[in-house]
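Okay, here's what each chain looks like letter by letter:
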Amino acid sequence: MKFAEILTRCRASNDWAPLVECIPFARFLNLRIDVKGDAFTCILPFDQKLIGNPVLPALHGGATGGFLECAGLFYLLLQTETQSLPKTIDFSIDYLRTGLPQDTYANVVMVKQGRRVANLRIEAWQSSPDKPIALGHCNFMLGA
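Below or above, wherever it landed, is the structure these notes cover. All of these numbers come straight from a predicted model, not from anything done at the bench. (Residues numbered from 1 in each chain as written. Predicted model: local features only at pLDDT ≥ 70, side-chain atom pairs only at ≥ 80, totals over all residues. Heavy atoms only, no water.)

Attention now moves to the overall build of the protein chain. Counting its regular elements, the protein chain contains four helices and eight strands. Its helices and strands in sequence order give the protein chain the pattern α-α-α-β-β-β-β-α-β-β-β-β, from N to C terminus. Scaling as 2.2 N^0.38, a compact globule of 144 residues should have a C-alpha radius of gyration of about 15 Å, and the protein chain matches this with 15 Å. The principal-axis extent of the C-alpha atoms belonging to the protein chain is close to 45 × 30 × 25 Å. Expressed as a percentage of its 144 residues, the buried residues of the protein chain come to 40%. When contacts within the protein chain are restricted to residue pairs at least 6 apart in sequence, long-range pairs at least 24 apart make up 58% of them. (Helix = DSSP H or I, 4+ residues; strand = E, 2+ residues; numbered from the N terminus. Rg over C-alpha atoms; globule rule 2.2 N^0.38 Å. Buried < 20%, exposed > 50% of the residue type's maximum accessible area, 1.4 Å probe, protein only. Contact = heavy atoms within 4.5 Å.)

If you want it as structure tokens, here you go:
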């Protein structure tokens, strides 16, 4: 089945698991997407393989960064009419707190959307949205 067909089915059913399965890194992270009305949350379930520093223990920065980028991609697939996977133009991450060995959540804010480029701010948090562990700022190229 083609990506556009899977995307159309996910949009119609509000079941985003088949879309996560299409993206290898999202599948590796075992991401989940929760959409209730206009509220979008991406969830990174804790897994021992995500620990980067076992002494603390703390989530690996690459897992956190990849999670932020995937959350942005999924948000754009939900909020726009694109039929293809958006392409990352640039991505910066501010690591604010240690990611603890527990589930992590991400909320996305569309800062600006043009015809071809979308600018997003993505906030990852664990215990409270008011205490983010990381912020992502990114630009994505939107497909047709």
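Moving on to the nonpolar core. Of all hydrophobic cores here, the largest spans 38 residues; its most connected members are Leu-31, Phe-40, Phe-67, Phe-74, Leu-120 and Ile-122. Among the elements that take part in this core, helix α4 (residues 61-79) stands out by supplying ten residues, more than any other. Leave out the neighbours within four places in its chain, and Phe-74 touches Leu-19, Val-20, Ile-23, Ala-26, Leu-31, Ile-33 and Phe-40. (Core = buried A, V, L, I, M, F, W, Y, C linked by side-chain atoms within 4.5 Å.)

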